[in-house]
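Inside the fold
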Amino acid sequence: MLFVLLNIKTGLLFYYNPATGYIRGDFKNITYGMSFVYAFSMVVIVIFNRKNIAPRVVFVFVLYPLVSFSITAIQYFTTYFVMTGISSFAPLMLIYLTVQADLIEYDISTNLLTERFLVHVLEKDYRGFFAVISVDNYNNIQESLGVDNTNALIFNFSKKLAELFPKQAFHLSTNRFAVMSNSIEKIKDAVPFLHEVIDRIKLENESYCAVNLHIVALYLPENANSYHSAMDVVNRMLVRISDKDCDYFEVCTDTYVSQIEREKSVLKVLKRELRIDSDMFQIYLQPIYSVKTGKLLYAEVLSRLLDTEIGDITPYEFVHVAEKYGLIENLGMVAFEKVCQFLSEYSDSVQAVSINFSVHQIKSPTIVDDVLAMIKRYNLIPSNIIIEMTESIFIDDFAVIRERMIELAKNGFLFYLDDFGTGYSNFANIVELPFSTIK
């Protein structure tokens with residue numbers, strides 16, 4: 001800056017002659033020296049701080065001298081081009097754009113890395129522990145602290161995460177974060193420091209709401225081989241511990257991963273085989289025999305899923321998966337149609353067949369029309385069907401279930417209450433429903 005100011009009077013760097021135009025001064029080479037010092041200093045500083053800078057930003061900064069010197073060389077040997085400014089501006093523009101691109105990977109509200117960047121990291125053969133931290137009771141926290149103080153809590157929480165896990169902490173959603181580490185102990189040891197931040201904000205605002213941290217961790221690539229598979233495991237684990245009214249830290253095991261894979265396989269089979277012409281999804285009929293008359297009067301339906309690519313699947317397992325993934329109504333109706341198909345072919349063998357209906361089925365707004373349409377299609381009458389239900393019907397939506405059952409009973413269907421005494425029902429509820437038999 002000193003030489004530039006002095007140049008106005010001295011012309012040491014350059015001056016202008018009306019006859020010949022631009023002329024370089026005696027100190028013209030100082031511009032090259034300053035460019036060299038500037039570039040060299042930049043590289044030294046960046047290399048010294050490389051642990052705190054994204055690798056691609058480090059690369060561009062180190063590349064700066066090469067680009068700058070190339071342009072300066074053109075300037076030196078072709079004096080009729082004035083390129084000194086370009087030699088600095090062009091590399092700096094490249095650096096600026098790279099830094100801006102790197103900043104895109106940061107969440108503005110928390111200053112943590114984004115989920116998009118996390119996807120990029122985990123897809124690059126990452127080996128180590130990956131943990132997701134969920135701040136539980138978020139709605140209650142917001143009601144207790146207010147929006148502004150809750151935002152301050154999340155910001156300070158994020159700041160502490162960034163301090164504990166530099167360049168390895170990520171913001172996934174409002175109250176969910178992720179960290180990466182080579183040590184599971186380091187993740188566990190971070191919990192007290194995170195609670196210090198939470199307790200300080202609560203103390204400042206005289207709040208006594210419970211703030212629990214639910215943390216699940218897994219090891220990549222053993223427990224998952226991609227971001228999406230890792231998050232699938234994480235979400236399942238968080239759902240499993242969602243009822244924990246305290247801090248909870250769980251590490252994924254190979255057994256749990258195997259259970260998830262098994263569940264996915266069962267789901268795949270169910271989606272494919274829940275149809276009337278399936279040979280794998282079958283109904284077995286358990287006979288109900290009259291000792292007095294010596295005749296087969298009724299039969300009870302037992303659903304089976306047999307000879308699949310993963311072997312026979314127990315009813316307990318596939319019913320659980322069907323309920324979890326919203327296939328229980330479809331399962332029930334396919335089984336019901338198979339029953340109707342059997343009765344239409346062997347109407348003389350039994351008087352009626354009993355079949356279990358799930359709570360989800362009976363709550364369906366179209367259940368009455370669907371059942372009546374099905375028996376009409378197979379030329380049956382309602383008395384051919386006995387609907388069995390367990391005590392789980394008393395858990396919720398009792399009024400809706402009662403309405404559906406009464407409507408079906410008015411159309412001639414019989415109802416059995418199955419496994420009575422194993423749940424939480426009482427006689428006050430039972431007498432309001434049209435059960436003909438209690439088992």
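Above this text you will find the structure in question.
Residues numbered from 1 in each chain as written. Predicted model: local features only at pLDDT ≥ 70, side-chain atom pairs only at ≥ 80, totals over all residues. Heavy atoms only, no water.

So, the pairing of strand β5 (residues 169–173)
- Of all 5 residues making up β5, 4 are buried, and the element is well covered by its neighbours.
- Of the strand pairs in this sheet, strand β3 (residues 113–114) and β5 are connected by 2 bridges, and their pairing is parallel. Within the sheet, the bridge partner assigned to L113 lies in β5 and is F170.
- Where β5 folds back on strand β6 (residues 176–181), the antiparallel hairpin that results is connected by 2 residues. (Buried < 20%, exposed > 50% of the residue type's maximum accessible area, 1.4 Å probe, protein only. Helix = DSSP H or I, 4+ residues; strand = E, 2+ residues; numbered from the N terminus. Pairing = 2+ DSSP bridges.)

Some points on helix α7 (residues 147–164)
- The first and last C-alpha atoms of α7 sit 26 Å apart over 18 residues, in line with the 26 Å expected at 1.5 Å per residue.
- Considered for burial, the residues of α7 that qualify are T150, L153, I154, F157, S158, K160, L161 and L164. Down the axis of α7, the sector holding all buried residues measures 160°, keeping them to one side. Counted as exposed and oriented over 90 degrees from the buried face of α7: D148, K159 and E163.
- The secondary structure elements touched by the buried residues of α7 are β4 (128–135), α6 (138–145), β5, β6, α8 (184–204) and β7 (213–220). (Expected span 1.5 Å × (residues − 1). Arc of directions from axis to C-beta. Contact = heavy atoms within 4.5 Å.)

Concerning the environment of F27
- Here F27 lies in the loop between β2 (21–24) and α2 (30–48).
- When its relative accessible area of 38% is taken as the criterion, F27 is described as partly exposed.
- Taking the C-alpha atoms as reference, F27 lies 63 Å from E204; in sequence the two are 177 residues apart.
- What F27 contacts, discounting residues up to four positions off in sequence, is F3, L12 and L13.

Brief notes about the sheet that holds strand β8 (residues 248–251)
- What the 6 strands build is an open sheet, ordered β3-β5-β6-β4-β7-β8; its pairing is mixed. In this open sheet, the two strands that pair with only one neighbour each are β3 and β8.

Considering the pattern of salt bridges
- Taken as a whole and judged by the stated rule, the model has 19 salt bridges.
- The partner of D277 in a salt bridge is R275, and the shortest N-O contact between them spans 2.8 Å.
- Relative accessible area serves as the criterion here: at 51%, D277 is assigned to the exposed category.
- By sharing partners, the salt bridges in this structure join D232, R236, E261, E263, K264 and K324 into a single network. (Salt bridge = Lys/Arg side-chain N within 4 Å of Asp/Glu carboxyl O.)

As for the packing of aromatic side chains
- Inspection of the entire model under this criterion finds 7 aromatic pairs.
- Measuring from ring centre to ring centre gives 5.7 Å for F3 and F27, while their planes differ by 55°; the resulting arrangement is tilted. With a gap of 24 residues between them, F3 in helix α1 (residues 2–10) and F27 in the loop between β2 and α2 connect regions that are remote in the sequence.
- Consider the rings of F157 and F177, whose centres lie 5.1 Å apart with planes at 45°: the pair is tilted. With F157 in helix α7 and F177 in strand β6, this residue pair connects regions lying 20 residues apart in the sequence.
- One Lys or Arg, K188, reaches over the ring of F249 and ends 5.7 Å from the middle of that ring. (Phe/Tyr/Trp six-rings, centres within 6.5 Å; stacked < 30°, edge-to-face > 60°. Lys NZ or Arg CZ within 6 Å of the ring centre and 35° of its normal.)

Looking at the nonpolar core
- Core analysis: the biggest nonpolar cluster contains 50 residues, and L270, F336 and I385 have the highest contact counts within it.
- With sequence-adjacent residues up to four places away left out, I385 is seen in contact with F336, V339, L343, A352, V353, I355, I375, F413 and L414.
- One finds A131, F177, V179 and I198 within the second-largest nonpolar core, a separate group that totals 29 residues. (Core = buried A, V, L, I, M, F, W, Y, C linked by side-chain atoms within 4.5 Å.)

Regarding a negative patch on the surface
- Together, E329, D369, D370 and E407 give the surface a local cluster of negative charge.
- Mapped onto the fold, D370 is located in helix α14 (residues 367–377). (Patch = residues over 30% accessible without salt bridge, like charges linked within 9 Å, V, L, I, M, F, W, Y side chains within 5 Å. Areas by Shrake-Rupley, 256 points an atom, 1.4 Å probe, with all protein chains shown as cover. Lys, Arg positive; Asp, Glu negative; His and termini not counted. Charge placed at Lys NZ, Arg CZ, Asp CG, Glu CD.)

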